[in-house]
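Secondary and tertiary structure notes
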Amino acid sequence: METKTTKYTKEGYQALVDELNYLKGEKTEEVKQSLAQARSYGDLSENSEYDEAKNEQARVATRIAELEELITHAEIIDESELREDVINLGSTVLAYDYDMEEEVEYSIVGTNESDPMRGRISDRSPIGSAMIGKVVGDIVNVVAPGGELKFKILSVERTKNNG
């Protein structure tokens, strides 16, 4: 079975590492304390606090395993090697959306960094993948689940991370 790498900006990769460290340290300790507290209540067979603590322990363990897998197969892009005028991972794109008749701004990020409600779209999404490699002035046609979309690239710059 071939495992696919996922591309990350340096900041996106660091967020994974930070979450993993938090879960393995502080969060694991909190769960242990919750389990100890719940055990002190006695009969575990009818102890909802114990059941909830065990469920939380399972959720934390699952997320730790997911993060370790993501980190193992992460590819961190070196943004300094990318042309600033060409859309790539780590680019912020201002485009004219012909269907909405308005300007839209997208930050192109790795799959696990995406947050469409904040304009952070994956490099593997229909719009993100169609924009990769384009420059100012290009027309981008996107075949998306909701139909065809058309954009004109107005500006491209490296994403500034303000948190």
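Notes on the structure in this doc start here.

Focus: the overall build of the protein
When helices and strands are counted, the protein shows 3 helices and 7 strands. Reading the protein from its N end, one meets helices and strands in the order β-α-α-β-β-β-β-α-β-β. Rg of the C-alpha trace for the protein: 21 Å, well past the compact-globule value of 15 Å for 163 residues, more than 25% over. With respect to the three principal axes, the spread of C-alpha positions in the protein is 70 × 35 × 35 Å. Looking at the protein residue by residue over its 163 residues, the buried ones come to 33%. Look at the contacts in the protein between residues 6 or more apart in sequence, and 54% of them connect residues 24 or more apart. When the accessible surface of the protein is split by element, carbon and sulfur atoms take 48% of a total near 10,200 Å².

Considerations on the environment of T9
Tracing the sequence through the fold places T9 in the loop between β1 (6-8) and α1 (10-39). The class of T9 is buried, set by a relative accessible area of 7%. Placed 139 residues apart in sequence, T9 and E148 show a C-alpha to C-alpha distance of 29 Å.

A word on the nonpolar core
What tends to happen in soluble globular proteins is that the nonpolar side chains get buried as a cluster. Residues M131, F151 and I153 are the most contacted members of the largest nonpolar core, which totals 18 residues. Listed by contribution, the elements that provide at least two residues to this core are β3 (91-97), β4 (102-109), α3 (126-131), β6 (139-144) and β7 (147-158). Each residue touching F151, except ones within four places of it in the same chain, is listed here: A95, Y96, D97, Y98, V104, Y106, I127, M131, D138, I139, V140 and V142. By size, the runner-up hydrophobic cluster in this structure holds 14 residues, among which are L16, L20, V31 and Y50.

A few points about the pairing of β4
Inspection of the sheet shows β3 paired to β4 by 6 bridges, in the antiparallel sense. Of the residues in β4, the one forming a bridge with V93 is Y106. Hairpin connection, β3 to β4: the antiparallel pair is bridged by 4 residues, and E101 has positive phi, about 55°. Sheet topology places β4 next to strand β5 (residues 120-122); 3 bridges connect them, and they run parallel. Note that in β5 the partner of V109 across the bridge is S122.

So, the packing of α1 against helix α2 (residues 48-72)
Orientation of α1 relative to α2, taken along the N-to-C sense of each, is 160°, at an axis distance of 9 Å. Classified by the angle their axes make, α1 and α2 are roughly antiparallel. Here the hand of the crossing between α1 and α2 comes out left-handed. In terms of residue class, the contact of α1 with α2 is made up of 15 nonpolar, 3 polar and 9 charged.

A short note on α2
A rise of 1.5 Å per residue sets the reference length of α2, with its 25 residues, at 36 Å; its end C-alpha atoms lie 36 Å apart and thus fit the reference within 8%. Turning to α2, its buried residues are Y50, A53, V60, I64, L67 and I71. Lining the buried residues of α2 we find α1 and β2 (74-76).

A few points about the environment of V31
Along the chain, V31 turns up in helix α1. Owing to a relative accessible area of 7%, V31 belongs among the buried residues under this scheme. Each C-alpha atom of the pair V31 and Y106 lies 38 Å from the other, and the pair is 75 residues apart in sequence. Ignoring any residue separated from it by four or fewer positions in sequence, one finds V31 in contact with A53, E56, Q57 and V60.

Calculation rules
- Residues numbered from 1 in each chain as written.
- Predicted model: local features only at pLDDT ≥ 70, side-chain atom pairs only at ≥ 80, totals over all residues.
- Heavy atoms only, no water.
- Helix = DSSP H or I, 4+ residues; strand = E, 2+ residues; numbered from the N terminus.
- Rg over C-alpha atoms; globule rule 2.2 N^0.38 Å.
- Buried < 20%, exposed > 50% of the residue type's maximum accessible area, 1.4 Å probe, protein only.
- Contact = heavy atoms within 4.5 Å.
- Areas by Shrake-Rupley, 256 points an atom, 1.4 Å probe, with all protein chains shown as cover.
- Core = buried A, V, L, I, M, F, W, Y, C linked by side-chain atoms within 4.5 Å.
- Pairing = 2+ DSSP bridges.
- Axes fitted to C-alpha atoms, helices over the stretch in contact; angles between N-to-C directions.
- Parallel < 35°, antiparallel > 145°, perpendicular 65-115°, else oblique.
- Left-handed = near helix turned anticlockwise from the far one by under 90°.
- Nonpolar A, V, L, I, M, F, W, Y, C, P; charged D, E, K, R; others polar.
- Expected span 1.5 Å × (residues − 1).

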